[in-house]
Amino acid sequence: MHRLFAALPIPDHLAARLDPLSVDLQGVRWRKREHYHVTLCFYGHVDGEIAHELADALEDVRGPSLEISLNGVGWFGRREPRALYARVDQNDALSDLAAACRKLASRFKLKLGQDPFLPHITVAYCNQAPLDPVRRWSEDFQILRSEPVLIDSFHLYESFTGHRRQSQYVAQADYQLGTPS
């Protein structure tokens, strides 16, 4: 089984804008730059044959190059934070690309979560992080902004559990954008 997701890579100069977010917070494990991405669709555990077919089908996903920009921060988990993230401004091109990636899941009978698409970059995972310090972190970094950055490709990533249960993400296939949908 392969744990797969389609996502936009984050250019290093945009990832550098996220460095100041990594402050000392109890129960927070910060992600490394090379793990930053914007998930378009999380496919979950997929068997080998379907994984290859999915990778081939993503070749048919078309869309224009698109711009992303950072706009504040947030966290998942209401009373018990699970993850901290940098918010990515939503736009039609980004939403359309995510919808096209999600649509393929139904073709292969993959069950997706029901959460609406919320473009973001996960910067940290939490384990019993107290809510008040996370809330203060969020308030302090709401000023996070970036200029739009052009993205001209997306990837099919595989997630592996590495040392100390830390996920490692490896791009298994690359797909060019720039073609109208």
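Residues numbered from 1 in each chain as written. Predicted model: local features only at pLDDT ≥ 70, side-chain atom pairs only at ≥ 80, totals over all residues. Heavy atoms only, no water.

1. Some details on the packing of aromatic side chains
Rule in force here: Here a pair means two rings of Phe, Tyr or Trp (six-membered ring of Trp) with centres within 6.5 Å. Their orientation is stacked below 30 degrees between planes, edge-to-face above 60, and tilted elsewhere. Numbered from the N terminus, helices here are DSSP runs of H or I no shorter than four residues, and strands are runs of E no shorter than two. Working definition: with a 1.4 Å probe on protein chains only, accessible area under 20% of the residue-type maximum means buried, over 50% means exposed, and in between means partly exposed.
Under the counting rule described, the total for this entry stands at six aromatic pairs. Note on F5 and Y157: the rings are 5.2 Å apart at their centroids and 15 degrees apart in plane angle, and the pair reads as stacked. One end of the pair, F5, is in strand β1 (residues 2-9); the other, Y157, is in strand β9 (residues 153-161), with 152 residues separating them in the sequence. The class for F5 is buried, based on a relative accessible area of 3%.

2. Here we look at the packing of helix α2 (residues 48-58) against helix α3 (residues 92-107)
What counts, and what does not: Note on geometry: axes are C-alpha line fits, over the in-contact stretch for helices, and angles between N-to-C directions span 0 to 180 degrees. Rotating anticlockwise by less than a right angle from the far helix to the near helix defines a left-handed crossing, while the corresponding clockwise rotation defines a right-handed one. We call two residues contacting when some pair of their heavy atoms lies within 4.5 Å. Any residue that is not Ala, Val, Leu, Ile, Met, Phe, Trp, Tyr, Cys, Pro, Asp, Glu, Lys or Arg is counted as polar, Gly included; the first ten are nonpolar and the last four charged.
Taken N-terminus to C-terminus, the directions of α2 and α3 make an angle of 140 degrees; their axes are 11 Å apart at the nearest point. Judged by the sense of rotation from one axis to the other, the crossing of α2 with α3 is right-handed. Contacts between α2 and α3 involve L54, A57 and L58 from the former and C101, L104 and R107 from the latter. Class assignment of the residues belonging to the contact of α2 with α3 gives a composition of five nonpolar, no polar and one charged.

3. Some points on the pattern of salt bridges
Formally: We count a salt bridge whenever a side-chain nitrogen from Lys or Arg sits within 4 Å of a carboxyl oxygen from Asp or Glu.
Applying the stated rule across the entire model yields three salt bridges. A salt bridge links R33 to D12; its shortest N-O distance comes to 3.0 Å. Placement of the pair is R33 in the loop between β2 (28-30) and β3 (37-46) and D12 in helix α1 (residues 12-15), with a sequence separation of 21 residues. On the accessibility criterion, R33 (30% relative accessible area) is partly exposed. Between D132 and R135 there is a salt bridge, and its shortest N-O distance comes to 3.0 Å. Here D132 and its partner R135 are both found in helix α4 (residues 131-140), three residues apart, which amounts to about one turn of the helix. Residue classification places R135 among the partly exposed positions, given a relative accessible area of 34%. Through salt bridges with shared partners, a single ionic network connects D12, D19 and R33.

4. Details of the sheet that holds strand β10 (residues 167-176)
Our working definition: At least two DSSP bridges between two strands are needed for those strands to be called paired.
Read from one edge of the open sheet, four strands run β3-β1-β9-β10, paired in antiparallel fashion. Looking at the sheet topology across the chains shown, the edges are occupied by β3 and β10. The mean angle between the axes of side-by-side strands here comes to 25 degrees, regardless of whether they run parallel or antiparallel. Lying over the sheet, α2 contacts β1, β3, β9 and β10, oriented at roughly 150 degrees with respect to β3.

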